[in-house]
Each structure stands twice: as structure tokens, then as C-alpha cells.
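Structural features, examined
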Amino acid sequence: MSTPEETSLLQEEETFLALLGRINTLVFQPLLLAEPFNMKDQECLQLLLQLSEQYQNLWDLTQASLQTLRQRLNSPATVSLQTLHLLHRPDLFLEAYRQYFVTYTDCVVLQTFQKATRKKNELWRSQRKVLKQFLTNVALEASGTAALPHVLCQPLTDHVQQYVLILLRLGDAVGEHHTARELAIQAADRFVALQTFIRQALDKASATQALWERLGNRLVDALCTANRRLLQDSQEVPVVASPVRADRVLLFNDVLVLLQGHNFQTFDLKLVWVDATLDKKQTSNRYGFHVITPEEEFSLSAKDVQGKDCWLSKMSQAICQALSEKKDFPVLEQDQNQEGLEPPPSRCCLYTFRTEDRFRLATYDGSWFWGKPHGKGTLKWPDGRNHVGDFHQGLEHGFGIRLVPHGTEDKYDCYKCHWQEGQMQGYGICEYANESVYKGYFRDNMRQGFGVLESSSQAPQPFKFTGHWDRDKKNGYGVWEDKDRGERYIGLWQADHRHGQGIVVTQSGVCYQRTFQADKMVGPGILLLEDDSLYEGSFTRDLAYIGKGKITFPNGYFLKASFSSRVGRGFHTQGVLETTAHPLDPMNTCKRQLGLDDFPVENRWQGIYQQFQNFIRCNCPEDAQEAFLGFHIQTAKEIRKSQEYLFCDRSNPDEVSAKIKDILAELPAHREPESLQLYLQKALKSSVHPLGKLLKLLTMAFQTTYSGIGANKHLLVLAQEEVQHHAKEIWAFYQGLLQVALKQQGQIQEESEDTSKSHPEAYRLVLPIILPCFYPELFMLYMLYHEKEDNLYSQGIADLSLFSDTKLLECLDVQKHLWPLKDLTLTANQRHSLVRDKCFLSATECLQKIITTVDPREKLEMLEKTYDEIENTVSRVLEREYKLPMDDLLPLLIYVVSRARIQHLGAEIHLIRDMMDPIHRGGLYDFLLTALESCYEHIQKEDMRLHRLAGVHNQKALW
């Protein structure tokens, strides 16, 4: 059953709908015909169009409400009261009215109605009589310009008031227990909140319009916008700004304005921070408070506590609303909760700097904290520079990527590195516009410490430099590869020039050592040719001899002469050829090692060690970890262009934790030998662990020096020294990390835990783990160094392979009772089968395993097992335990070595001897290695070939 209130609501809606139609015909249609004649009027026309659309939306909603009312009154038994549009969807009405009055107040502020009717005042005056007939509650002035705002506002506010009254009566009429009662009361409450919003919006619009009328045209043109509202004026509640000068302070809903005569300053409220406490250095005023902006900081002082509280409250509320991007005042009752909130100190906003030197005219988009860029953000300059990364207290700090335009539009220098207080600091990757790439360390925006600079392969003179940098210049020890000439320079640098002792290795195998001054060779040098000839004297970069010099030939002859070359006359020499000298041993001819006295191993790669030493010295700060260790980031240009490279995943799935605090916490738990060895294996393989990072850099430097062109036998000892020294340095670095870890846990390192670099644990624990990283290049150098001996050895093995087993044992003078043959009366075929299957086969297989590992200790263990297998075989033959004396062991070991056919055995032997733990020198392993070395030398001897000849002629007789 319907109620009288529903009938009253129906009548109200019908009357209002008719009123909307008349207003549309008499007001909106003429307004929209107004022709704009400047940009401001064009903006007014857009507002009128927007207001007309929202007016139409109200019209449609009223029609929908009227339709549901009629359905309810026509069928009260079947259509419930809850289906009324006004009760079912009140939010649609509230939002429609809110949007309408927001646009309406924008029109008021811009004086849109006055401008639209300025040329049609007579028309509005003639329609005044028509409007009066149905707008009985609206005061219509004689001027249409003055009456128009009332026509478009008061009927709607009156209708909202009628909604409140009817809804309240409807709630009372349906009874306390009716389901629609709560809906009606809630809707009434929300329309009351809407009335409050409309009243506030109209008041603020009127105050703002009055302000624009009082200010000069220049200020109005600069400050007046449609959605800007005046919230507080220092002429009403006085405040004084200092140290900046201002005659008047205006607070709007989006900006704070300081007026000084005809000049003004505006401050975006999103980037305004208010601090109620004044600095002690400021003028004493207990009614003042700070205002902090990106480029200025000043204070506002009121006359009393009420004035201070008023300004603080309104500024805080305005800042909160600006940050929440609300265009006007609280809309509905739930938004009233924003009053009394403190603006957050951290924000995310866009700002263009004006006066600050470094950031002048740059636009920053990102996180802020108390007036400073703080957090992640993007900084763009008008000249095309672009910085994306972390900021701290207004400066680039942390990981960041900067693009610097270089010439044409698509050419950039791209810096991906760590920054500290606005400068590049720590590890970085720089891709330059010329397509060269630098990977290494920075300090104060300059390359400093270890780094690698490599040009594009398409560059006119492609190169790669790996070494130490000082203030953006190559300085200290480094390796330069001239890919165009096929040369590699290993040596000292100063101020971007080769300066001091240096070694040059060429693609053809020729190498020389000279003294350089500012890239020019000075004084005599050493030139080692591919045929093992040695020249001592002066020569040009093109390897032409000049002046006095000495050539030593591989056969021991030498020539002392003066050398010269002239264009068109060829090469000339005059001197004495000495042929009476004793012949040199061909195995030792011209194996001179270069650079040993000039490049002490302790002075090489200091740029690498220095970064790690500094990290330890600073107690391994967590905030510097990534700057020290580097980062995992793609370098593709597509990522650079996408602007998403900053947020790429720089994590690593290694088993070892990537956080230094976790690494330091775990270290003390692995101090027992077995646990420590397992931990070191894991840590040295992890690119996120400091130990793994150190090994990675050392491996890269080693490969750069000794691979490819650098694989030259005259550099063997340099390489061997480096590997041993790296093991000591890595162990020392581990000890430094452990010391920091123990200190942080309040423990004291035991005195027995030696931190010196000569600690034997470097050989026992570290060297076996790191050797595989250096092994390919290092073993290649050993192979080249011992190439001649290994060739003679290989020929000896080939000769001995022609001997039968029994004939070889006989030739080696192995006593027959030690031969593993049970019955010498067997037939030839039977003996052949027996010997081939059983004769020291287990010992031979053990020795062959020596090439399956790179660890010198494991190689020595294989050699010991080979000796044991030989002795066990002899014991089985003699059917009793038998200890072989040296006279019996050596020929049997020669037999096993000849049958194992290990390639490059000389290189293997010398690598084991050089890299084995010093603790084994003079012990059993040293003895066994000496025995193996004797076998190796014995097989090379010429007299072994005589046995081959005898064996070939007598093989048939033997079998």
C-alpha cells in the first residue's frame, strides 16, 4: 500500500522535471549559442557544454525516479518501496549533483555566465517575465547576467532540500520495523551531506570570484583557473612570511601563493611540507611554522595561536586533498574523516626545478621526502639527459641509469652504475655512443680502480684495455689488446700512455720487452722470435733492428753487429758472427721469461684487490654491497629504451645468500676444515658472494692476459706466479671477512688463526678450488713451454709402442722374476694374450687418470696409487709382499708410462711440481714425482731408439 509521502514525492518529481525542461529551453540553448572570441571564452564554452551534459544527466535520473514512482503507485501490492530509484541507487543522484555543482562553481569562478550573456543582455531581459512565471522562489534581477547563476543553481538546491524532507517523512511513515525505513533515513543523511558540500562549494567559489575581482588583471590571468579555490587569505587571518618577502599570502586548494606587488610565487601543495617547529636560529616566534618546498624553505608567522592553528589546519587539509587528487572539498560524509590528518612526509610527484644549478630546468618524477627527491625516480633535462634510479636527500644515491645524448637523436652514453651523493661511485657499466663499453669501478664520476674498456668490433681501431684506472685515465698495471695490429701490450701505464716496462706479444708468436715513455719505445730491449732466436738491442715497432745489437741463434751461435735499414736498399748489418761457442741444449734454448723483475706479482692487479680491501676496511657495510660487488642487469638497448631497466630483477638464484649480513652471519659456522672446504667451494662459485666476485674478476684478468695472443711460452712464470698469488690473496680476503664477522658477533679471533697471506691453507684449501678457473690458459702455457720435450717424449712413446710387452720388459732390464708371467713355456699366442690382458694393466689405468683432474693433490694421489698397483702386481707374481727398491721401480714405472701414452706429460709434471702444496716437497709425493720425471726424461733419450731396431729384427724369434 502506497503512502501520502510517495504521492508527494511523485508530484515533486513531476514539477521538477517540467522545470528542468523549461530551464533547458530558456537558458541552456541560448547559452550554447554564444560564440567565443578568445581562448578564455573558449574555455567558458567548454564548461557550459560540460554543465549542459551534467544537467541532462540530472534530467534523465529524475525521469527514471519518476518512472519507478509511477510503477509503485500503480501496483503497490506487487512493487515494493525498496525499488524506488531514489532508495535503491541514491549514489547515482549524489554523484550527478556533485559533478553538476563542481562544474557550476567552475563557471562561477571564471565568470562564465557573465561572459556568455554579455552580448545578449537584451535577450535575458525580455525572458525575465517568462522565467518569473515558474521560478517563484528565485530572485530575478533586472540584469540577465546577474539572474542567470540563480536560475541554474537555486531550483536544484531547493529540490535537494525537498528530497531530504520527503525522505525523512517517508521513513517515519513506513514505520520503525519496515525494511525501507533504514534506506530512506540513510538516503536522507547522504543528501544532507550533499547539501553541506553544495553550500561549501558555492561559498568557496564566491570567495574566489571576489578575490579575482579585487586582484589586478595580470595576476588574475596568471593565477585564475577553473578548479582553483581560495581557502585562506592573510588579509583575513594575518601571517608574515620570512625570510622571503610577501605582502600577501594566499592558500588555494592546489597551490600556496606569495604576492609581492605585481610579482608572485606559487608552490604546488603536493610538494609543500609543513613543520610546526621553527629552527632555533630563526627569529623567536612561537606562532610560526616551517614551509618546505623543493627549492625554497621559509616560515609563516601568525599573530596568535588561533591564527597559527587556522593556517596549519587548512594547509594540512589542503595538502592531503591535493595528494589524494580531489578536485574540490569533501564530497560526502565518508570524506570528512580527512580533517585533522597530517600530510605524509613521503610522496610521489612531478616537479620541474627552476633555480638549482645541477637540476636547473630538469623535471623529476618520483618519490619525495621533506622537499627532497628520495627513493626511486626519473630526472629529465631539456637537453635530453635522463637519469632513472635511486635518490637520497635530493641527490642520486644508489643504483641508477643515466642517458646522455651524444650528437644525433638515437646516440647516447648510457651509465648503469652506483651513485653516492650525486656522483658515480662503485661498480658500473657504461655503454658509450661510439659503442665502446666500460665495465668497472668509479669514484667521483671518473673511472677509478679496476675496469675494462672495450671498443666496438666495427671501430676503425678496435681495442680492449683491462687494468687499473686513476681519475679517468689508464694508470698502473694493465693489458691493452690492439685487435687491428694483432698485438697485446702487458705492462705499465701512466696518464693514458704506455709508460715504463712493457711486454708486447704479437699474433705471429713474436714477443718483446721494452721501456716505454709516453707510448714511445726508448732504450734497448729484448726481442724473442718465433724460431727461438733472441735479439738484444734497439728495434722499431715494426720489429726492424736498428743500431747496435746481438742476435743469439737457437744453435748457440751469436751475432754482434750494427743494424740499419734504408728505403730501397733493404736491410744492412755489419758485425762478427761467433760460431765457436758451446752448442746450447735445444730443450733450454730461448726459454727466457719476461717481466719477472719488472712486474712483481704483488704489484699486479692492485686495482682489483683494492676494492675488496676497502670493503673489509669499512667493515663490509650492507648499503655498499651492491656498489662493491656489482649487479646483475641486462645491457640490451631495448631495455635502455623501455625505461624499465631500473626495476629489472637484479637478484641471483645462487645457493649462497646475496645479503652481506647473511654471509657474515654464516661464516663463523664453517671453521672446521671439512666444513670450510665445502663452504669455500660454494662461495667461490657464487657471483653474489664477495669471494666469488673476487675470483670472477681475477679469472677475467687472467684470461685477458694469457689467452689467445697472450698464449706465449715466455709468459709462463708470470702466469704461474699470478695463480699462486691469487690463492694467497683470496685466503687473506676470507680471513678479513671472518674477522669482520667475528667482530660483529662479539667474538675474538684466535691467535692461531693466522691472517698472513703466506698461510699454507691458501695452497691446501683455496688453490685446488680456483685452479680450474685458470687451468685452460695456464696449461696451454705449460704445453708451449715444454713443446720440444713433449715432442721428443711422444716420439719415444711411438717407438716403444713397437715393442712387445716381454721385449720391452727385457730391454728395460726388468728382472724376469718380476714379470707378471706364470709360465714362460706357453705358446707365443698364449703368452701374447696373457701379457696383453694382465701386464701391469691396473697401474697403467691409474696413471692415465692423472689427466682427468686439474687438482695437483689429486694427480699426486693417482701417481701414488699407480706405484701401489705396480708393487701389488709384483707381490702377486712373487706370492709374497715385496717392497720395490728404486733400481727395480724405475724400469717398471717406465714400462707403465710408455703404455699409458699420456699426452703432454712434461707439461703435466711441471704444472704439478709448481702448483703442489709446499708441504709435500721432500716427502713421498715429491719422490714419486721425481721418479715420474726421470721416466719422462729416459723415454726422450736417443738410445731408446736403438732398442727399437733390435726389437724389430728379433720380434719373430721372441715369439
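Model, not experiment: these values are computed from the prediction. (Residues numbered from 1 in each chain as written. Predicted model: local features only at pLDDT ≥ 70, side-chain atom pairs only at ≥ 80, totals over all residues. Heavy atoms only, no water.)

**Focus on the overall build of the chain**
Within the chain, the regular secondary structure consists of 27 helices and 27 strands. Residue burial in the chain is summarised as follows: out of 959 residues, 50% are buried. Contacts in the chain between residues far apart in sequence, at least 24 positions, make up 54% of those at least 6 positions apart. Summed over all atoms, the accessible surface of the chain reaches about 45900 Å², with 50% contributed by carbon and sulfur. (Helix = DSSP H or I, 4+ residues; strand = E, 2+ residues; numbered from the N terminus. Buried < 20%, exposed > 50% of the residue type's maximum accessible area, 1.4 Å probe, protein only. Contact = heavy atoms within 4.5 Å. Areas by Shrake-Rupley, 256 points an atom, 1.4 Å probe, with all protein chains shown as cover.)

**Here we look at the sheet that holds strand S7 (residues 288–292)**
An order of S2-S8-S7-S6 is seen for the four strands of this open sheet, with the pairing classed as antiparallel. The open sheet has two free edges, formed respectively by strand S2 (239–242) and strand S6 (273–275), since each of these has just one partner strand. Recorded for the sheet is a direction-independent mean angle of 25° between the axes of neighbouring strands. (Pairing = 2+ DSSP bridges. Axes fitted to C-alpha atoms, helices over the stretch in contact; angles between N-to-C directions.)

**Quick look at helix H24 (residues 886–900)**
In this model, H24 (15 residues) spans 20 Å end to end at C-alpha, consistent with the 21 Å of a helix rising 1.5 Å per residue. For H24, the tally of buried residues reaches twelve of 15 residues, placing the bulk of the element in the interior. Turning to H24, its buried residues are Asp 888, Leu 889, Pro 891, Leu 892, Leu 893, Ile 894, Tyr 895, Val 896, Val 897, Ser 898, Arg 899 and Ala 900. Residues of H24 that are buried sit in contact with helix H19 (787–800), helix H20 (805–811), helix H22 (841–848), helix H23 (856–878), helix H25 (905–915) and helix H26 (924–940). (Expected span 1.5 Å × (residues − 1).)

**Brief notes about the sheet that holds strand S5 (residues 263–268)**
Spatially, four strands are ordered S1-S3-S4-S5 in an open sheet, and the strand pairing comes out antiparallel. Each edge of the open sheet is held by one strand with a lone partner, namely strand S1 (230–233) and S5. Across the sheet, the mean angle separating the axes of adjacent strands is 20° when strand polarity is ignored. Examined bridge by bridge, strand S4 (residues 255–260) and S5 share six bridges and lie antiparallel to one another. Among the inter-strand pairings, Val 257 is bridged to a residue of S5, identified as Thr 266.

**Observations concerning the side chain of Lys 859**
Along the chain, Lys 859 turns up in helix H23. Reaching out from Lys 859, the side chain makes a polar contact with the backbone oxygen of Thr 853 at a distance of 2.7 Å. (Polar contact = N/O pair within 3.5 Å; in protein donor to acceptor, adjacent residues only side chain to side chain.)

**With respect to the nonpolar core**
In terms of nonpolar packing, the biggest core is built from 76 residues, with Ile 608, Leu 680, Leu 691, Ile 730, Ile 770 and Leu 778 touching the most fellow members. The biggest single contributor to this core is helix H18 (residues 761–785), with 15 residues. Those residues in contact with Leu 680 that sit more than four places away from it in its chain are Leu 691, Trp 731, Tyr 734, Leu 765 and Ile 769. Among the nonpolar cores identified, the runner-up in size contains 75 residues, and Phe 16, Cys 107, Val 160 and Ile 198 belong to it. (Core = buried A, V, L, I, M, F, W, Y, C linked by side-chain atoms within 4.5 Å.)

**A closer look at the side chain of His 159**
Secondary-structure assignment places His 159 in helix H7 (residues 144–173). Take His 159: its relative accessible area is 1%, and that puts it in the buried class. Looking at His 159, its side chain comes within polar contact range of the side chain of Glu 13, at 3.0 Å.

**Focus on helix H10 (residues 305–323)**
In this model H10 runs 27 Å from its N-terminal to its C-terminal C-alpha over 19 residues, within 8% of the 27 Å that 1.5 Å per residue would give. Listing the buried residues of H10 in full gives Gly 307, Lys 308, Trp 311, Leu 312, Met 315, Ser 316, Ala 318, Ile 319, Cys 320, Gln 321 and Ala 322. Just past H10, the residue Glu 325 takes up positive phi, approximately 60°.

**A short note on the pattern of salt bridges**
In this structure the tally under the stated criterion is 36 salt bridges. Close ionic contact of Arg 229 with Asp 106 constitutes a salt bridge, the shortest N to O distance being 2.5 Å. Taken together, the residues span a long stretch of sequence, with Arg 229 in the loop between helix H9 (217–223) and S1 and Asp 106 in helix H4 (residues 90–109) at a distance of 123 residues. We note a salt bridge from Arg 385 to Asp 383, for which the minimum N-O separation is 2.9 Å. According to the relative accessible area criterion, Arg 385 is partly exposed, its value standing at 26%. (Salt bridge = Lys/Arg side-chain N within 4 Å of Asp/Glu carboxyl O.)

**Concerning the environment of Trp 480**
Within the element layout of this structure, Trp 480 appears in strand S19 (residues 473–482). The sequence separation of Trp 480 and Val 504 amounts to 24 residues, and the corresponding C-alpha distance is 9.3 Å. In this structure Trp 480 touches Phe 463, Lys 464, Phe 465, Lys 474, Glu 487, Arg 488, Tyr 489 and Trp 493, once residues within four positions along its chain are discounted.

**Examining the packing of helix H15 (residues 673–684) against helix H16 (residues 690–706)**
One can describe the packing of H15 onto H16 by two numbers: an axis separation of 7 Å at closest approach and a directional angle of 60°. In terms of orientation, H15 and H16 fall into the oblique class. Every pair of crossing elements has a handedness; the one defined by H15 and H16 is right-handed. For the pair H15 and H16, contact is made by Leu 680, Ala 683 and Leu 684 and by Leu 691, Gly 692 and Leu 695, respectively. (Parallel < 35°, antiparallel > 145°, perpendicular 65-115°, else oblique. Left-handed = near helix turned anticlockwise from the far one by under 90°.)

**Here's the deal with unusual backbone geometry**
In this structure, the amide linkage connecting Ser 242 to the following residue, Pro 243, adopts the cis form with an omega of 0°. Relative to the helices and strands, Pro 243 resides in the loop between S2 and strand S3 (248–252). Although it is not a glycine, Trp 605 sits at a positive phi angle of roughly 55°. By the element assignment, Trp 605 lies in the loop between strand S27 (570–578) and helix H11 (606–617). According to the relative accessible area criterion, Trp 605 is buried, its value standing at 2%. Not every positive phi belongs to a glycine, and Cys 620 is a case in point at roughly 55°. Here Cys 620 shows up in the loop between H11 and helix H12 (625–629). With a relative accessible area of 4%, Cys 620 lands in the buried category.

**A word on the pairing of strand S25 (residues 545–552)**
Alignment of strand S24 (residues 534–539) against S25, held across six bridges, turns out to be antiparallel. Across the sheet, residue Tyr 535 finds its bridge partner in S25, namely Ile 551. Linking S24 to S25, which pair antiparallel, is a turn of five residues; within it Leu 543 sits at a positive phi near 65°.

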